[in-house]
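# Structural overview for review
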Amino acid sequence: MSDLRKAGALLDRGGFLLPALLLCALPFYLDAFWLRIGLFSMAAAIGAVGLGLLSGTAGQLSLGHAFFLAVGAYGYVWLAGEPGPGLPPALAAVLAVLLAGVAGGLFSPVAARVKGIYLGVATLALVFLGHHVLLTADSVTGGFNGRSVPPLELGGFTFDGSGPELTVLGVPFGAEERLWYLGLALFAVTWFTARGLLRGRPGRALVALRDSETAASVMGVHVARYRSAAFVVSSMYAGLAGVLLALSFRRVVPDYFSLALSVDYLAMIVIGGLGSVAGATAGAVFVTALPLLMTRYADQLPLVAAPGSGDGTIGPTEAARYLYGAAIVVILLHAPDGLHGLARRTRARLRRRPSVTGPPDTGPTPRTTSATTARAKEHTP
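Residues numbered from 1 in each chain as written. Predicted model: local features only at pLDDT ≥ 70, side-chain atom pairs only at ≥ 80, totals over all residues. Heavy atoms only, no water.

## A few points about the packing of aromatic side chains
Spelled out, the test is: In this scheme Phe, Tyr and Trp rings, the latter by its six-membered ring, pair at centre separations within 6.5 Å, and the angle between planes marks the pair as stacked below 30 degrees, edge-to-face above 60, and tilted otherwise. Under the scheme applied here, a residue whose accessible area is under 20% of the maximum for its type counts as buried, over 50% as exposed, and between as partly exposed, the area being computed with a 1.4 Å probe on protein chains only.
Enumeration over the complete set of coordinates arrives at nine aromatic pairs. Here the aromatic rings of Phe67 and Phe68 are separated by 5.2 Å at their centres, their planes lie at 80 degrees, and the arrangement is edge-to-face. We note that Phe67, like Phe68, is buried. On the numbers, 5.2 Å between centres and 85 degrees between planes, the contact of Tyr256 with Phe257 is edge-to-face.

Pasting the structure below:
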C-alpha cells in the first residue's frame, strides 16, 4: 500500500514537473512572436487568477479589473521612471503591486457592503474614472500617448536585452527570452499562492461566503472582512499582471486599460471555469492568444481581413471576440464549470477502469448437495 502511495505522489509531482520543464525549454526553440504570446498569456493568467478568486470563489462581480491593472502598470512606470522618484526597478515593481492593493483597499468598504450587479456597476465606475485620470494626468501618465516603460533590472542584469550580450547553449537571449523566465517565475508564485489560499481556511471561508452569507456568519466568518480581503488580494494580483504587461509591451497607453479589457478578463474566468486556478489560466491563454494568432494568420482565414485593410470585412480582433463570445455561450449551456471542469470529467473517464470480472467460464459446474443447502419441502403422507 505504501508503494502505491509513493507511486501516486510521484505521478502528482510529475504532473507539475514535466510542464515546468517544458515551459523552461521553450525559449530555446520558439521565435519572438510565440514568446510574446506566452508573455501576454502569463500576464493575463496572473490577473485572471486574481479575478477568479474574487468572482469565482468569493462570488463578487467586478467589472473594474482593468483599473487595477492600470494602477500596477502606471505605478511601476512612474516609480521607476523620469519624471518620477526614479526608484530601483525591482523596488518600483514591488511598490506598484502594493499600490494596486492599496487602491483595492480604498474601494473595499464598497465591496464589503454591496454585492451582485450593484458591485459590478460600482466597479464599472472605476474604469471610466481611471481612464479619465490616465488621459488628464500628463505629468504622471504621459496623457494620450502614454509613457515608455523602464526596463527591469536585478543585480545588474537587465530584462530588456541591453547590456552585455547573453548566449545560452548557442541561443541568443534577448528581451523576450529574459522576460519569459521572469514571467514564468511570477506566474509560479501566483499559482502556488492562489492554490494555497483556496485550499486553506481563507478559501473555505470565501466559498462559504459565496454560497450563503447567513450560513457563513453563523459559522464564524466575518463577512465584511473577508469580502474586503478578497478584493484587496485580487487587486494585488491585477497589479502584478499590470507590471508584467508593461514590461512586455515596453510602452503603456491609456486606451489599453478600457472596459473591453475588464470584459476580456470576465470571459477568461467564465471560459476557464469559475473558482479554479487552472481554469483561469486556460481561459487566459485562450482569450489572449486567439486574437494574436488570428492577426498573424488573417490572410489564410476566411471572412477575416488583415489589420488596416479597410475593406469592410471583419478584423482579427473583432473575429476573436465573436469566437470567444460564442465559446462563452457554448460553455454556459453545455459545461457550466468551464474548461477545467470539462478536463476533469474527461480525465475521470479515462482513469475509470472496467469492472473486475470473475474467473473464466469452464462450463457448467456440478451441482453439489450439502447440509446447508435448502431442500424442497416434502408433503406429509
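## So, the side chain of Ser276
For the record, the criterion: Strands are runs of DSSP state E lasting at least two residues, helices are runs of H or I lasting at least four, and both sets are numbered from the N terminus onward. Counted as a polar contact is a pair of N or O atoms within 3.5 Å, where, for protein atoms, one must be capable of donating a hydrogen and the other of accepting one, and residues adjacent in sequence contribute only when both atoms are in side chains.
Turning to its location among the elements, Ser276 is positioned in the loop between helix 11 (259–272) and helix 12 (277–296). A distance of 3.0 Å separates the side chain of Ser276 from the backbone nitrogen of Gly279, its partner in a polar contact.

## Looking at unusual backbone geometry
With omega at 0 degrees, the peptide bond leading from Glu82 into Pro83 counts as cis. In this fold, Pro83 is placed in the loop between helix 3 (65–80) and helix 4 (89–113). A positive phi is found at Arg250, a non-glycine position, where the angle reads about 70 degrees. Position of Arg250 among the secondary structure elements: in the loop between helix 10 (223–249) and strand 6 (251–252).

## Points about the packing of helix 2 (residues 32–57) against helix 11
As a reminder, the rule being used: Helix axes are fitted only over the stretch in contact, all axes being lines through C-alpha atoms; the angle between N-to-C directions runs from 0 to 180 degrees. Roughly parallel here means an angle under 35 degrees, roughly antiparallel means over 145, roughly perpendicular means 65 to 115, and every remaining angle is called oblique. In this analysis, two residues are considered to be in contact whenever any of their non-hydrogen atoms come within 4.5 Å of each other. In this classification, Asp, Glu, Lys and Arg are treated as charged, Ala, Val, Leu, Ile, Met, Phe, Trp, Tyr, Cys and Pro as nonpolar, and every other residue, Gly included, as polar.
Two elements in contact, helix 2 and helix 11, have axes separated by 9 Å at closest approach and are oriented at 75 degrees. On the basis of their axis angle, the class for helix 2 and helix 11 is roughly perpendicular. Between helix 2 and helix 11, the contacting residues are Ala43, Ala44, Gly47, Ala48, Leu51, Gly52 and Ser55 on the first element and Tyr265, Leu266, Met268 and Ile269 on the second. Among the residues forming the contact of helix 2 with helix 11, the class breakdown is eight nonpolar, three polar and no charged.

## Describing the environment of Tyr256
Of note, Tyr256 is situated in the loop between strand 6 and helix 11. Taking relative accessible area as the criterion, Tyr256 reaches 32% and is therefore assigned partly exposed. For Tyr256 and Ala66, which are 190 residues apart along the polypeptide, the C-alpha to C-alpha distance reads 8.7 Å.

## Regarding helix 8 (residues 201–211)
All of the buried residues in helix 8 are Gly203, Ala205, Leu206, Ala208 and Leu209. At its buried positions, helix 8 is contacted by helix 2, helix 7 (175–199), helix 9 (213–218) and helix 10.

## Digging into the confidence of the model for the chain
Convention followed: The pLDDT score gives, residue by residue, the confidence of the prediction method on a 0 to 100 scale.
Put simply, the chain has an average pLDDT of 82, and 85% of its residues get 70 or more. Across the chain, element-level confidence peaks in helix 3 with a mean pLDDT of 94 and bottoms out in helix 1 (residues 2–25) with 63. Low pLDDT, under 50, characterises residues 1–12; the stretch is placed with zero contacts to residues that sit more than four places away or in other chains. Counting contacts from residues 367–381, a segment whose pLDDT is below 50, to residues more than four positions away or on other chains yields one contact.

## What to know about the nonpolar core
Formally: Buried residues of nine kinds, namely Ala, Val, Leu, Ile, Met, Phe, Trp, Tyr and Cys, make up a nonpolar core once their side-chain atoms join them within 4.5 Å.
Counting 88 residues, the largest nonpolar core has Leu69, Tyr76, Leu247, Val252, Phe257 and Tyr265 as its most contacted members. Per element, the largest residue contribution to this core is 13 residues, and it comes from helix 2. For Val252, the contacting residues outside a window of four places in its chain are Ala73, Tyr74, Val77, Asn145, Gly146, Arg147, Val149, Ala246 and Phe257.

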